[in-house]
Amino acid sequence: MKMTFRWYGEKDSIPLEYIKQIPNMSGVVTAVYDTPVGEVWELDKILRLKELCDKAGLEMEVIESVPVHEDIKLGKPSRDGLIANYAQTIRNLGKAGVKCICYNFMPVFDWLRTNLKTVAQDGSNSLSYCHEELMRLDPKNLHLPGWDESYSTDELNALIEAYSGVNHEKLFENLVYFLNGIMPACDETGINMAIHPDDPPWDMFGLPRIITGAESYDKMIKSVPNKHNGFTFCTGSLGAGRGNDLAAMAHKYAKRIYFAHIRQLKYNGDKDFTEAGHLTSAGNLDIYGIVKALVKAGFDGYVRPDHGRNIWGEDGKPGYGLYDRALGAAYLNGLFEAVQKNK
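Let me begin by describing the structure that accompanies this report. (Residues numbered from 1 in each chain as written. Predicted model: local features only at pLDDT ≥ 70, side-chain atom pairs only at ≥ 80, totals over all residues. Heavy atoms only, no water.)

Glancing now at the side chain of Ser237. Its location among the elements puts Ser237 in helix α9 (residues 235–239). Excluding residues that lie within four positions of it along the chain, Ser237 makes contacts with His196, Pro197, Asp198, Asp199, Pro201 and Arg263. (Helix = DSSP H or I, 4+ residues; strand = E, 2+ residues; numbered from the N terminus. Contact = heavy atoms within 4.5 Å.)

Spelled out as structure tokens, the structure:
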């Protein structure tokens, strides 16, 4: 296991020097953020990031993420050129020593929350989701926390309309087409693709969600058996689906889990949840049981503490402040060490 920490590049408020001070932190998970989706990431920009990480004594072996263009998800004629660009980005990343790419195949929205700063009894605040509140929104005039700047109302409506003829099976077919198109580049570079589950794992505004649990994992492996086709095991995203047995999934797919996002949820209803501190006792997910299952099944990938709370007066990027994620990393380090020594 290698412990990592997400870093949003040179504009991140958290310096690499602080991340390096977190015990057992091997590297950062980052990306090139100024290249339009669908275009090739230039090698010099990738190497600039690597140079910054190297100087701080941190590895840059995981990229999160190389976004997949909506035309690929929609299966438009332009997808072949976009897939070729994606494959070239993979090759460029391979030249910089990258070993894993986290990506997702969610239409339009790659995550949804209804509140970015829900205040807990202890005064901390975190992301939360209320399904009833989301359903009250006007689909033709959406204003979502964290998404208001992403598209104009007209652009968003047009994009959602474009998916009206894309059902679950068609979206999955387009995913398989995409993966088959980039697997040769993965074979050349040795880079593993790790798909992030849908967050939350159910359909939204008529948009299909296809990576939601064990059945979809099995379907992906069967459709694209190449060893470089694997998973980002996000406990928060999968855990929002009450029917998912996370420990069982961790054990079954450990050898295909190349990246693990480990975070905690506290359930507030059938679909509602608030993100909590990483400890098992802080929420409804058995973080200890998940780590134990990963270790016992031979997991040897990358881990990062996922969405943290804002604590100790910090007003960081929602989910991505320094303090609580550092505490989460320390807790996860302890769990992995204990389980490994008692294996």
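Attention now goes to the side chain of Asn192. Note that Asn192 resides in strand β7 (residues 192–195). Within the structure, the side chain of Asn192 is placed 2.9 Å from the side chain of His228, a separation counted as a polar contact. Look past the residues within four positions of Asn192 in its chain and what remains in contact with it is Lys99, Cys100, Ile101, Lys227, His228 and Tyr258. (Polar contact = N/O pair within 3.5 Å; in protein donor to acceptor, adjacent residues only side chain to side chain.)

With that out of the way, let us pick up the environment of Ser124. Its place among the elements puts Ser124 in the loop between β5 (115–119) and β6 (125–129). Between the alpha carbons of Ser124 and Glu314 there is a distance of 9.2 Å; along the sequence they are 190 residues apart. Setting aside anything within four residues of it in sequence, one finds Ser124 in contact with Thr118, Val119, Arg309, Asn310 and Ile311. Polar side-chain contacts of Ser124 include one of 2.6 Å to the side chain of Asp122.

The next point concerns the nonpolar core. In terms of nonpolar packing, the biggest core is built from 101 residues, with Tyr86, Ile101, Tyr103, Phe109, Leu175 and Phe178 touching the most fellow members. Counting residues per element, this core draws most heavily on helix α7 (residues 168–189), which supplies 10 residues. (Core = buried A, V, L, I, M, F, W, Y, C linked by side-chain atoms within 4.5 Å. Buried < 20%, exposed > 50% of the residue type's maximum accessible area, 1.4 Å probe, protein only.)

One can describe the packing of helix α4 (residues 79–95) onto α7 by two numbers: an axis separation of 9 Å at closest approach and a directional angle of 30°. One way to sum up the angle between α4 and α7 is to call them roughly parallel. Handedness of the crossing formed by α4 with α7: right-handed. On α7, the residues touching Arg79, Asp80, Ile83, Tyr86, Ala87, Ile90, Arg91 and Gly94 of α4 are Asn174, Tyr177, Phe178, Gly181, Ile182, Ala185, Cys186, Glu188 and Thr189. Among the residues making up the contact of α4 with α7, the classes are represented as nine nonpolar, four polar and four charged. (Axes fitted to C-alpha atoms, helices over the stretch in contact; angles between N-to-C directions. Parallel < 35°, antiparallel > 145°, perpendicular 65-115°, else oblique. Left-handed = near helix turned anticlockwise from the far one by under 90°. Nonpolar A, V, L, I, M, F, W, Y, C, P; charged D, E, K, R; others polar.)

It is worth spelling out a positive patch on the surface at this point. On the surface, a cluster of positive charge is made up of Lys255, Lys292, Lys296 and Lys343. Checked against the element boundaries, Lys255 lands in the loop between α10 (246–252) and β9 (257–262). (Patch = residues over 30% accessible without salt bridge, like charges linked within 9 Å, V, L, I, M, F, W, Y side chains within 5 Å. Areas by Shrake-Rupley, 256 points an atom, 1.4 Å probe, with all protein chains shown as cover. Salt bridge = Lys/Arg side-chain N within 4 Å of Asp/Glu carboxyl O. Lys, Arg positive; Asp, Glu negative; His and termini not counted. Charge placed at Lys NZ, Arg CZ, Asp CG, Glu CD.)

What follows deals with the sheet that holds strand β11 (residues 273–276). Whenever strands of a sheet pair, they do so through backbone hydrogen bonds, lying parallel or antiparallel. Across the sheet, which stays open at both edges, the four strands sit in the order β5-β6-β11-β10 with antiparallel pairing between neighbours. Looking at the sheet topology across the chains shown, the edges are occupied by β5 and β10 (264–267). Strand-to-strand, the axes of this sheet are offset by a mean angle of 40°, without reference to chain direction. As paired elements, β10 and β11 share four bridges and run antiparallel to each other. Residue Gln264 lies in a different strand from β11, and its bridge partner there is Ala276. (Pairing = 2+ DSSP bridges.)

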